[in-house]
Amino acid sequence: MTAIRVLIADDQMMVRQGFTVLLNAEPGIEVVGQAVDGEDAVAKVAELAPDVVLMDIRMPRLGGIDATRRITAPAGATVKVLVLTTFDLDEYVYEALRAGASGFLLKDASADELAHAVRVVAGGEALLSPNLTKRLIAEFSRTTGAPRAPLRERVGDLTERETEVLSLIAQGLSNAEIAARLVLAEQTVKTHVSRILVKLGLRDRTQAAVFAYETGLVRPAGY
């Protein structure tokens, strides 16, 4: 089995080295490089072709949001970005998700949490299960105002079932949980998710969740 290749981008040397030690101790994960800022991260992605980038948001020269956008924007880009943040409701994290990040992780995460996050994101899933992520998406979707018309029109491309699945993705449910809720086979749910991403031109489940909130398909509790 090929190891998951990880690049760590953070301007603090102790953070880079600490995460490197933790991840290299995990089976099936290999840290292939470190980047000191966003510009360095973009260059190292091109050079080293990692599977996952652990990306700090606040860095000199080029911040994590712009770096994430540059890394994930090219057609055919497969690298996943996992945003690192100090605070669970960091106002910049939501923007990073919109820029293409597949999830976020607190810098004080345990070794097990860190390894789990890397494996989840590398496997093509979004890091949406933790309550922190769901709360963050809900919190900052409140600041987007009225649903954006061009996005709302794209919802019409989905079937009724696909729209239902999309709303459950946005609530943080896994494929297994969606299957149980809708009384479907899990493989059927996977097929629906794949079709949703293709129809909407989205990268992963995190992007789908953000889309659902921005279009008003799902509203935060109490709104």
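This text follows the structure it describes.
Rules and cut-offs
Residues numbered from 1 in each chain as written. Predicted model: local features only at pLDDT ≥ 70, side-chain atom pairs only at ≥ 80, totals over all residues. Heavy atoms only, no water. Core = buried A, V, L, I, M, F, W, Y, C linked by side-chain atoms within 4.5 Å. Buried < 20%, exposed > 50% of the residue type's maximum accessible area, 1.4 Å probe, protein only. Helix = DSSP H or I, 4+ residues; strand = E, 2+ residues; numbered from the N terminus. Contact = heavy atoms within 4.5 Å. Right-handed = clockwise from strand over helix to strand, strands pointing away. Polar contact = N/O pair within 3.5 Å; in protein donor to acceptor, adjacent residues only side chain to side chain. Pairing = 2+ DSSP bridges. Axes fitted to C-alpha atoms, helices over the stretch in contact; angles between N-to-C directions. Parallel < 35°, antiparallel > 145°, perpendicular 65-115°, else oblique. Left-handed = near helix turned anticlockwise from the far one by under 90°. Expected span 1.5 Å × (residues − 1). Arc of directions from axis to C-beta.

K.L.:
Whenever I open this one, the nonpolar core confuses me. Can you help?
P.N.:
Generally speaking, nonpolar side chains in soluble globular proteins are found buried as a group. Residues Ala9, Val53, Met55, Val81 and Val83 are the most contacted members of the largest nonpolar core, which totals 26 residues. Going through the elements one at a time, β1 (4-9), β2 (29-35), α2 (38-48), β3 (52-56), α3 (64-72), β4 (80-85), α4 (91-99) and β5 (103-106) are the ones with two or more residues in this core. The leading source of residues in this core is α4, at 4 residues. Residue contacts for Val83: discarding those within four places in its chain leaves Met55, Ile57, Ala96, Ala101, Gly103, Phe104 and Leu105.

K.L.:
What's the story with the pairing of β1 in this structure? I'm lost.
P.N.:
Put simply, side chains in a regular strand alternate between the two faces of the sheet. The element β1 is extensively covered by neighbouring structure, given that 5 of its 6 residues are classed as buried. For the segment spanning β1, helix α1 (residues 13-24) and β2, crossover handedness is right-handed.

K.L.:
Help me out: how do you make sense of the environment of Ser167 in this one?
P.N.:
Mapping Ser167 onto the fold places it in helix α8 (residues 160-170). Taking C-alpha positions, Ser167 is 6.5 Å from Ala212, a pair spaced 45 residues apart along the chain. A distance of 2.7 Å separates the side chain of Ser167 from the backbone oxygen of Glu164, its partner in a polar contact.

K.L.:
Any chance you could explain the sheet that holds β4 here in plain terms?
P.N.:
Picture the strands of a sheet paired through backbone hydrogen bonds; they go either parallel or antiparallel. Taken together, the 5 strands give an open sheet; going across it, the order is β2-β1-β3-β4-β5, and neighbouring strands pair in parallel fashion. With one partner strand each, in any of the chains shown, β2 and β5 form the two edges of the open sheet. The mean inter-strand angle of the sheet, taken between neighbouring strand axes irrespective of direction, is 25 degrees. The pairing of β1 with β3 spans 4 bridges and is classified as parallel. Looking at the pairing, Ala9 lines up with Met55 of β3.

K.L.:
I would appreciate a short explanation of the packing of α2 against α3 in the present structure.
P.N.:
Two quantities define a packed helix pair, namely the angle between the axes and the distance from one axis to the other. At their nearest, the axes of α2 and α3 sit 9 Å apart, and the two run at 20 degrees to each other. Comparing the axis directions of α2 and α3 gives the class roughly parallel. When you trace α2 past α3, the crossing you get is right-handed. Between α2 and α3, the contacting residues are Gly38, Glu39, Ala41, Val42 and Val45 on the first element and Ala67, Arg70 and Ile71 on the second.

K.L.:
Got a minute to help me understand helix α10 (residues 186-200) in this structure?
P.N.:
The periodicity of an α-helix, 3.6 residues per turn, causes residues three or four positions apart to be oriented the same way. With 15 residues, α10 extends 21 Å between its outermost C-alpha atoms, agreeing within 8% with the 21 Å of an ideal straight helix rising 1.5 Å per residue. By the burial criterion, the buried members of α10 are Val189, His192, Val193, Ile196, Leu197 and Leu200. Taken down its axis, α10 places every buried residue within 135 degrees of arc, on the same side. Turned more than 90 degrees from where α10 packs its buried face, Gln187 and Val198 sit exposed. Phi turns positive, to about 65 degrees, at Gly201, one or two residues after α10.

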